[in-house]
Each structure stands twice: as C-alpha cells, then as structure tokens.
Amino acid sequence: MKKIMFSLFTLCLFAFPSISFADAVVGEVIVTLGEDLTEQQKQTILKEMNATEENNQIIYVTNEEEHQYLGNYISKATIGSKALSSSSITIEKSGSGLEVKTKNIDWVTDEMYLNALMTAGVKDATIYVTAPFEVSGTAALTGLIKAYEVSSDKAISEDVKQVANEELVTTAKLGDEVGTENASALMAKIKDDIAKNGVPETEAELRTLIEESAKELGITLTEEDINNLINLFNKMKDLNINWDQVGQQLEKAKDKISNFLNSEEGQSFLQKLKEFFIALWNAIVSFFTGNEQSASAHIINNMNNHQISADAKIS
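Report on the accompanying structure. Quick caveat, the model's predicted, so the values are computed rather than measured.

**Some thoughts on the packing of helix H2 (residues 63-70) against helix H6 (residues 158-178)**
Put simply, H2 and H6 touch, their axes get as near as 9 Å, and they point 85° apart. Considering their axes alone, H2 and H6 lie roughly perpendicular with respect to each other. Along its contact with H2, which presents Gln68, Tyr69 and Leu70, the element H6 presents Glu158, Lys161, Gln162, Asn165 and Val169. Residues belonging to the contact of H2 with H6 are distributed by class as follows: three nonpolar, three polar and two charged.

Here it is, written out as structure tokens:
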C-alpha cells in the first residue's frame, strides 16, 4: 500500500516581498520546508541539502497550501493533515537544463517531476526532493514551482500551476497501469511532438497523436487513459505554454542521459548490468539442467558479486 503522506512545497509570495531575481545567482540554493517538520527533522533535511538557515533562502509550506493545489486531483484524506516534504532548487547557468534527484519518494519518479516542471516553465536548475520518511511525492511540485518563481522573479499563472499538478498526478496514476518509465516516456514523447510540430488543432488530431505515441513505445492504453490524456493536453492547449522551451529542456535531458551512458561511470554501470544478467542466465540454465541446489547458490553468489550500486543510476 502506497504511503499517503503528501506534502506540498507551496510558498506564499506575498509573505516574502523582499526576495527577487536581482539577488539570484548561479549556484544559489532556495529551500522549501514542510511547516510540520520537527526541529530534528528540519535540521536533518537541511544537512542533506548542505543548506543552513543563515545562508539560504528558506520557505515554509503549510498543509492548507497543499490542499489548494492538490484538492482537485487527490482526496483530502490522501493529502493528509501535515506538511513534511521538502525540496531545494539550485540555480544553474543558462542552457544547462533540468536535473532531478529524490530521496524517500516512492511513487513520483524523477522523470515525472522533470515533465511537469517543464510544463510549468521551469528551466536550468538542479532539483532535490526529500522527506523524513517515504512519501508518495505528488505534492512536491507546487513548492518547486513557487521556489522557481522566487528565484527568477517570473510569475507563473495559477492555471499553469494547476495543470502541472494535474499532469504529475495523471502520469503517476498512469504509471500504476503501464509502468512508471513508460508513463514518463509517453508524456515526454507527446510533448516532444508538440514542440516540433505544434499543438494539434482538433481533439481527433490530439487523440491520434496520443495513440500513435503509445503504439511506438509499445504501450497499451485503455479508453479511459486516452480520455484522461486528451483532457489534460486540451487544458495545456488553452494556456500560454512555451513549447519551444519545453522542447529545449527535453533535448537537454536527453543529452544528460547520453553523456552519462558515454562516461566512464556510465560504461561501468552498463558493464555491471551486463555481467549481472549473464550470471543470472547461467544460473537459470544450471537450474533447468538438473543442479537446482547449486543453481540457487550460484544465483545468490553472482548477485552479490555483480551487485549494481543504487547510486549509479540515471537521474
């Protein structure tokens, strides 16, 4: 059963009128903290982020603000009554793209955050999302958007914020059916096509785009899935989303993955992955040739010998 402790990183701009882009520089870190964290939890999270109350802009987020942005997509009971999750956004140089890393987030993936943040117009930043224990992570998006507004002094419309939150929830729910990687890949592919070819003018054209994108990725969608995606992208169609920028950020994300795979670390990761599956296959062959006990031990030994570090992941 998924954890249902959601936290929204919403901040109130009116409460922080002195913060502006004039003070934001490359490398600056803005932190959002759930208002209901204990003092010990708060200090632990700040240490994770290499942040301090003295040196960083810190924004506290309330549970009421969580309900404001998630109330249309998730039940009140699911949102919960405490704001605990936290995040940081580090300003990067122009053209660097977006990167997301998470800790204790068990439903929303890094790629889901990337997709939704791109929709909201966030660019060129390193994002970190964390919590004191495992949470779904759905509510993190709004705080990140708000923190980006503070850093860039660029207001993002309420409608865009709402559709970005809806996108995150829609993708996460779709991930339950088709797999989280497939759901994120589908969203990215549809957006990439829109960025290159423009927004479909009719609902029929949008349906065709969704169905063809799913088919190319080998994903089977239900009629309900298709209708949910049509509804979501119809809402995006009516907003002033910069699709050129979305496309650019998608390309930057692809570049980062390619660079990782071509790097020494990436090649080492792929080699370990290859060795692991070869060892597993050899053990399975041994099992079916009659040496079951030896095969079981062989599997365990090779899993230990070829263990892939959880730190060597693409994020």
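**A word on the pattern of salt bridges**
Counted under the stated rule, the structure contains 13 salt bridges. Measuring nitrogen to oxygen at the nearest pair gives 3.1 Å for the salt bridge that ties Lys161 to Glu149. Here Lys161, found in helix H6, pairs with Glu149, found in helix H5 (residues 140-152); they are twelve residues apart in sequence, far enough to count as distant. Note on accessibility: Lys161 and Glu149 belong to one class, buried. Across the pair Glu158 and Lys161 runs a salt bridge whose closest N-O atoms are separated by 3.0 Å. Of the two residues, Glu158 and Lys161 both sit in helix H6, three residues apart, roughly one turn of that helix.

**A closer look at the nonpolar core**
Soluble globular proteins tend to pack their nonpolar side chains together in the buried interior. Core analysis: the largest hydrophobic core is formed by 59 residues, its most contacted members being Tyr113, Leu117, Leu221 and Phe233. Ignoring sequence-local partners within four residues, the contact set of Leu117 consists of Leu98, Val100, Val122, Ile127, Leu141, Leu144 and Ile145. Counting residues in each nonpolar core, the second largest holds eleven residues, with Leu33, Ala51, Ile58 and Leu84 among its members.

**Some points on the packing of helix H8 (residues 203-216) against helix H9 (residues 223-237)**
Two numbers describe how H8 lies on H9: the axes approach to 10 Å, and their chain directions differ by 120°. Accordingly, the angle class assigned to the pair H8 and H9 is oblique. Seen along the crossing, H8 lies across H9 with a hand that is right-handed. Packed against H8, whose contacting residues are Glu203, Leu206, Arg207, Ile210 and Glu211, the element H9 presents Glu223, Ile226, Asn227, Leu229, Ile230, Phe233 and Asn234 at the interface. Of the residues in the contact of H8 with H9, the class split is six nonpolar, two polar and four charged.

**Concerning the sheet that holds strand E4 (residues 98-102)**
Strands sit in the order E2-E1-E3-E5-E4 across an open sheet of five strands; the sheet is mixed. Sheet topology places strand E2 (57-61) and E4 at the edges, where each strand pairs with a single neighbour. The mean angle between the axes of side-by-side strands here comes to 15°, regardless of whether they run parallel or antiparallel. Here helix H1 (residues 39-48) sits on the sheet and contacts strand E1 (29-34), E2, strand E3 (86-91) and strand E5 (125-130); the angle it forms with E1, its principal contact strand, is near 155°.

**Description of the environment of Gly97**
Looking at where Gly97 falls in the secondary structure, it is placed in the loop between E3 and E4. Under the relative-accessibility criterion, Gly97 is labelled buried at 1%. Separated by 155 residues in sequence, Gly97 and Lys252 have C-alpha atoms that sit 5.2 Å apart.

What counts and how
Residues numbered from 1 in each chain as written. Predicted model: local features only at pLDDT ≥ 70, side-chain atom pairs only at ≥ 80, totals over all residues. Heavy atoms only, no water. Axes fitted to C-alpha atoms, helices over the stretch in contact; angles between N-to-C directions. Helix = DSSP H or I, 4+ residues; strand = E, 2+ residues; numbered from the N terminus. Parallel < 35°, antiparallel > 145°, perpendicular 65-115°, else oblique. Contact = heavy atoms within 4.5 Å. Nonpolar A, V, L, I, M, F, W, Y, C, P; charged D, E, K, R; others polar. Salt bridge = Lys/Arg side-chain N within 4 Å of Asp/Glu carboxyl O. Buried < 20%, exposed > 50% of the residue type's maximum accessible area, 1.4 Å probe, protein only. Core = buried A, V, L, I, M, F, W, Y, C linked by side-chain atoms within 4.5 Å. Left-handed = near helix turned anticlockwise from the far one by under 90°. Pairing = 2+ DSSP bridges.

Keep in mind these values describe shape, not function.
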